[in-house]
Amino acid sequence: MLQARLTIDPARTVGPVSRRLFGAFVEHMGRGVYGGIHEPGHPRADGNGFRRDVIELVTELGVTTVRYPGGNFVSGYRWEDGVGPREERPVRLNLAWHSTETNEIGLHEFASWLDEVGAELMLAVNLGTRGTLEALDLLEYANVPSGTTLSDRRRRNGRPEPFGVRMWCLGNEMDGPWQLGQRSADDYGKLAARTAKAMRQLDPDLELVVCGSSAASMPTFGEWERVVLGHAYDDVDYISCHAYYEEKDGDLGSFLASATDMDRFIEAVVATADHVKAVRRSPRTINLSFDEWNVWYLSRVPADLPRRIDDWPLAPPLSEEPYTVADGVVVGSLLMSLLRHADRVTSASLAQLVNVIAPIAAEPGGPAWRKPTFFPFATTSRLARGVALEVDVDGPGYDTAAHGRVPVVDAAATADDGTAALFLVNRAQAEEVEVSVDLAALGTDVLDEALTLADPDPYAANTAGQQDRVRLRPNPRAAVVDGTLRVTLPPVSWTALSLRSARTDRPSTTGQQQDHAPATTPATETRSRTWQQ
Ligand code: AHR
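It should be emphasised that the depicted structure is a prediction, and the values quoted were computed from it without experimental measurement.

### Some details on the overall build of the chain
Regarding its fold elements, the chain presents 11 helices and 24 strands. Compactness check: the chain gives a C-alpha radius of gyration of 23 Å against a globular reference of 24 Å for 533 residues, within 12% of the reference. A buried classification covers 61% of the 533 residues belonging to the chain. By element, 50% of the accessible surface of the chain is carried by carbon and sulfur atoms, the whole surface being about 20,200 Å². Averaging the positions of the 53 positive and the 73 negative side-chain charges in the chain gives two centres separated by 2 Å.

### A word on the nonpolar core
Core analysis: the biggest nonpolar cluster contains 169 residues, and Trp 168, Phe 290 and Trp 293 have the highest contact counts within it. At 10 residues, helix 9 (residues 325-340) tops the list of elements feeding residues into this core. Residue assignment places this core across two domains, with domain 1 (2-12 + 386-532) and domain 2 (18-383) each supplying three or more. What Trp 168 contacts, discounting residues up to four positions off in sequence, is Leu 123, Val 125, Leu 138, Leu 139, Ala 142, Asn 143, Met 199, Leu 206, Glu 207, Leu 208 and Val 209.

### Topic: the site of the ligand
In the vicinity of the ligand, 13 residues are found, and the nearest of them are Glu 27, Asn 72, Glu 173, Tyr 244 and Glu 292. In this structure, an oxygen atom belonging to the ligand sits 3.0 Å away from a side-chain N or O atom of Asn 172. In the environment of the ligand, an oxygen atom lies 3.0 Å from a nitrogen or oxygen atom belonging to the side chain of Gln 352. Residues belonging to the shell around the ligand are distributed by class as follows: 6 nonpolar, 4 polar and 3 charged.

### Some thoughts on the sheet that holds strand 21 (residues 473-474)
One open sheet holds the 10 strands; their spatial order is 21-20-24-18-17-14-1-19-23-22, and the pairing between them is mixed. With one partner strand each, in any of the chains shown, strand 21 and strand 22 (478-481) form the two edges of the open sheet. Sheet topology note: the strand 18 (residues 419-426)/strand 24 (residues 493-500) ladder contains 8 bridges and is antiparallel. Bridged to Val 425 within strand 24 is Trp 494. With respect to the sheet, helix 9 is in contact with strand 1 (2-16), strand 14 (387-394), strand 17 (409-416), strand 18, strand 20 (446-453) and strand 24, its orientation differing from that of strand 17 by roughly 50°.

### With respect to the environment of Pro 16
Locating Pro 16 in the fold gives a position in strand 1. Residue class for Pro 16 comes out exposed when judged on its relative accessible area of 57%. The contact partners of Pro 16, leaving out residues within four places of it in the chain, are Ala 342, Gly 386 and Val 387.

### Quick word on the domain arrangement of the chain
Looking at the chain, the domain boundaries give domain 1 (2-12 + 386-532) and domain 2 (18-383). Between domain 1 and domain 2, the C-alpha centre-to-centre distance is 30 Å. Taken together, the contacts link 44 residues of domain 1 with 40 residues of domain 2. For the pair domain 1 and domain 2, the two sides together bury roughly 3,400 Å², of which 64% comes from carbon and sulfur. Across the contact surface, domain 1 and domain 2 share 2 salt bridges. The shortest N-O distance in the salt bridge between Asp 410 and Arg 340 comes to 2.8 Å.

### Re helix 2 (residues 107-117)
Most of helix 2 is tucked away, with 8 of its 11 residues classed as buried. Those residues of helix 2 that fall on the buried side of the exposure criterion are Leu 107, His 108, Glu 109, Phe 110, Ala 111, Trp 113, Leu 114 and Val 117. Residue Gly 118 follows helix 2 closely and has a positive phi angle near 80°.

Rules used in this analysis
Residues numbered from 1 in each chain as written. Predicted model: local features only at pLDDT ≥ 70, side-chain atom pairs only at ≥ 80, totals over all residues. Heavy atoms only, no water. Helix = DSSP H or I, 4+ residues; strand = E, 2+ residues; numbered from the N terminus. Rg over C-alpha atoms; globule rule 2.2 N^0.38 Å. Buried < 20%, exposed > 50% of the residue type's maximum accessible area, 1.4 Å probe, protein only. Areas by Shrake-Rupley, 256 points an atom, 1.4 Å probe, with all protein chains shown as cover. Lys, Arg positive; Asp, Glu negative; His and termini not counted. Charge placed at Lys NZ, Arg CZ, Asp CG, Glu CD. Core = buried A, V, L, I, M, F, W, Y, C linked by side-chain atoms within 4.5 Å. Domains from an automatic or database assignment. Contact = heavy atoms within 4.5 Å. Near = heavy atom within 4 Å. Polar contact = N/O pair within 3.5 Å; in protein donor to acceptor, adjacent residues only side chain to side chain. Nonpolar A, V, L, I, M, F, W, Y, C, P; charged D, E, K, R; others polar. Pairing = 2+ DSSP bridges. Axes fitted to C-alpha atoms, helices over the stretch in contact; angles between N-to-C directions. Buried area = accessible area lost by both parts, 1.4 Å probe. Salt bridge = Lys/Arg side-chain N within 4 Å of Asp/Glu carboxyl O.

Printed below as a string of structure tokens:
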């Protein structure tokens, strides 16, 4: 069996873990909104047509913030279409996803859905086909208490109190040739700066996100960030990052190491933002909003969707990834990359939430269920509290075609007031790894939970007919003995461990579904068991 030793010193903190790291993204795309969160005829639909079973799963997922309404969709969106009496709302073309937009769901409906879910709304404005004035109108409609035409219109539309939206994205992926209203870095940087200044003039407390590159693979990556921030540095708080990963050409080893790429991506954007800071001698620091990230099999998406002038389907199924255990393990390690950079990545959105590139599947008229990517997200959101800590991993490595040599074990840790959480990935495809951690410095000696996502088949998935094939299971081979934590990680697996000091009360578990491993299981008792038992 492979061995790895971790060193964690609570004095070596990365930064506070922002709850906004556990955000998600809902776009008017495919069956994300219509037929996802909203399905009026469904047996579990509430009076507003929202599926209660989906609300329950989103709540269990522990989503803190939701970015809305796009994505590419926002670059053709008129927010006014989605407010006011439903019967008067126009039916439009969703050019981004070649479908029909009925505008049945707009700002009011989505905000009330978020109230049910208990998450914060993060809005994107259209800087593709629209500009500063329309962004100001939306801001006035959403945030001004009353006494103006637009704020009073909101009140008449059933919302007396302002929405009070704090986080705003200044457009979406404005460098992308696929984007309605694509711009050069220079043009976009100027527009974003102008719009940000105007929005702050209306509401000084906003937190504004300027678009970074739509991917690190864009030919203008790096230079785009430098030029855009050169214009907008003083007017924004965040620059966005977007990244999607997939297994290509059967290269599971590279895919499992996707977090290496995310680490490098984050560090490159931080370096570029700090370069602009230095050049401007600015006291401000720009943080990162990683507001689209996930596993997405983009290479399986046909390059040319049928785009006939007489065929604009309603909520067509798009990118409904089945997701496997390996995908779940990668999502777990991408979350670990976000935690490792918690000092600078202070907001993030898993893209997306229901049906489309999503951890939750919802069948029309049928069940909703958790895909393998659900589990690491829900558990990390539940357990990662307080501050993120640096973790040194002393263990084996392997060579990948995409990322060079990478460690077999990926790790992240957080600590909070006598408790700690440890997140581990074993990237080896055939071998178990025993991980040991000396807990003396952390001062935690009780193991409350040890949960592992693994399966003899790394491509196992959940389906409507078998919704629980893949789930978290207690890891029976985890124990604290004489102040050392030892845990055995199965091949291609993700594990979360929650620890506390014997002097700390057992932390509450916020009512989420989980399996508990026995606390402080004697290692000698469990060592002979196999994973499947
Ligand atoms: O999340 C799906 C799409 O991916 C978004 O609309 C776009 O911003 C990105 O390219």
